[in-house]
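One-letter residues, chain by chain:
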Amino acid sequence: ILQAAAMRGAVLMVERGSLSLREAFALGWPRVVSLLQLSLTFGTLIAAIGLLPPLFIILLARWSPFGLTLMQLAQTALAPVSMVLGIALLLIMMSVALEDLRPRAAMRRARSVFRQGWWAFLLVLGASAAPGFVVGVLVVIPVMLIMPVLVFEPRLGAVLLLAGCGLAGLLGLALLLFTAVFTTVLYTLFYRAAARQLGVQPS
């Protein structure tokens with residue numbers, strides 16, 4: 001619901017140049033019900049893909065020495081499926097948030113919009129992965145710099161390590177929050193542009 005409000009708010013801001021929080025959250029009960037239905041449906045699918053194969057393979061590992069290898073292969077193979085479902089859910093949510101469509105109609109619209117501007121959505125998906133790498137670097141650098149101190153002066157090293165990781169964590173959190181907002185707005189604007197090319201006016 002927060003994502004839907006952010007999507008709706010982005011379009012209103014672009015079209016009108018001003019926005020109030022109340023307007024962004026004025027989704028209406030039909031939209032809220034549709035969003036909850038979609039979240040439960042896709043959330044169950046994504047959770048099943050993430051949990052059921054590993055559980056099955058763990059049980060299988062009792063009778064096979066290759067259980068861990070099978071679990072890793074299953075997770076690797078199913079990761080793209082979860083990613084596709086995540087993108088599909090995001091686009092369908094946009095159809096509900098911006099056009100007030102019911103779930104079935106939203107699925108059809110999301111498919112049409114993705115066909116129209118698939119390259120833009122994949123570009124944003126790729127760009128959104130970069131901050132995760134930066135956050136990893138922010139956490140690793142303090143550890144590498146402070147490790148020698150930790151060896152020779154454990155107490156001082158522990159204090160410096162906590163302070164460094166805390167600061168890196170705050171910077172990483174700020175970066176991830178900015179990225180989440182930025183990519184949501186960018187996805188929304190790409191959706192709006194693709195929908196307009198299809199002759200649809202999101203509102």
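Going by the structure above, here's the rest.
Residues numbered from 1 in each chain as written. Predicted model: local features only at pLDDT ≥ 70, side-chain atom pairs only at ≥ 80, totals over all residues. Heavy atoms only, no water.

Asks: So, the overall build of the protein chain: which residues are in play, and what are the values?
Replies: Counting its regular elements, the protein chain contains six helices and zero strands. The secondary structure elements of the protein chain, listed N-terminal to C-terminal, are α-α-α-α-α-α. Taken across its 203 residues, the protein chain has 32% of its residues classed as buried. Long-range contacts, defined as pairs at least 24 residues apart, comprise 67% of the intrachain contacts of the protein chain with a sequence gap of at least 6. As displayed, the protein chain has an accessible area near 12600 Å², and 75% of this comes from carbon and sulfur atoms. (Helix = DSSP H or I, 4+ residues; strand = E, 2+ residues; numbered from the N terminus. Buried < 20%, exposed > 50% of the residue type's maximum accessible area, 1.4 Å probe, protein only. Contact = heavy atoms within 4.5 Å. Areas by Shrake-Rupley, 256 points an atom, 1.4 Å probe, with all protein chains shown as cover.)

Asks: Break down the environment of Asp100 for me, with residues and values.
Replies: Along the chain, Asp100 falls in the loop between helix H4 (67–99) and helix H5 (103–152). Among the residues examined, Asp100 registers a relative accessible area of 33% and is labelled partly exposed. C-alpha separation for the pair Asp100 and Val32, spaced 68 residues apart in sequence, amounts to 9.7 Å. Excluding anything up to four places from it in sequence, Asp100 contacts Pro30, Arg31 and Ser95. Here Arg102 takes part through its side chain, which lies 2.9 Å from a polar atom of the side chain of Asp100. (Polar contact = N/O pair within 3.5 Å; in protein donor to acceptor, adjacent residues only side chain to side chain.)

Asks: Please provide a residue-by-residue account of H5, values included.
Replies: Under the 1.5 Å per step criterion, the end-to-end length of H5 is only 61 Å for 50 residues, more than 12% shorter than the ideal 74 Å. If you look at H5, its biggest bend is around 85°, right at Gly117. Of the positions making up H5, those classed as buried are Pro103, Ala106, Ala110, Val113, Gly117, Ala120, Phe121, Val124, Pro131, Val135, Pro142 and Ile146. (Expected span 1.5 Å × (residues − 1). Bend = angle between axes of the 7 residues up to and from the residue.)

Asks: If you had to explain the pattern of salt bridges to someone new, which residues and values would you point to?
Replies: For the structure on display, the rule yields four salt bridges. Between Arg196 and Glu15 there is a salt bridge, with its nearest N and O atoms 3.9 Å apart. Here the residue Arg196 occupies a position in helix H6 (residues 154–197), and Glu15 occupies one in helix H1 (residues 2–16), the gap between them amounting to 181 residues. By relative accessible area, Glu15 is classed as partly exposed at 34%. Close ionic contact of Arg109 with Glu99 constitutes a salt bridge, the shortest N to O distance being 2.0 Å. Here Glu99 lies in helix H4 and Arg109 lies in helix H5, a separation of 10 residues in the sequence. Each of Glu15, Arg192 and Arg196 takes part in salt bridges that share partners, so that together they form one network. (Salt bridge = Lys/Arg side-chain N within 4 Å of Asp/Glu carboxyl O.)

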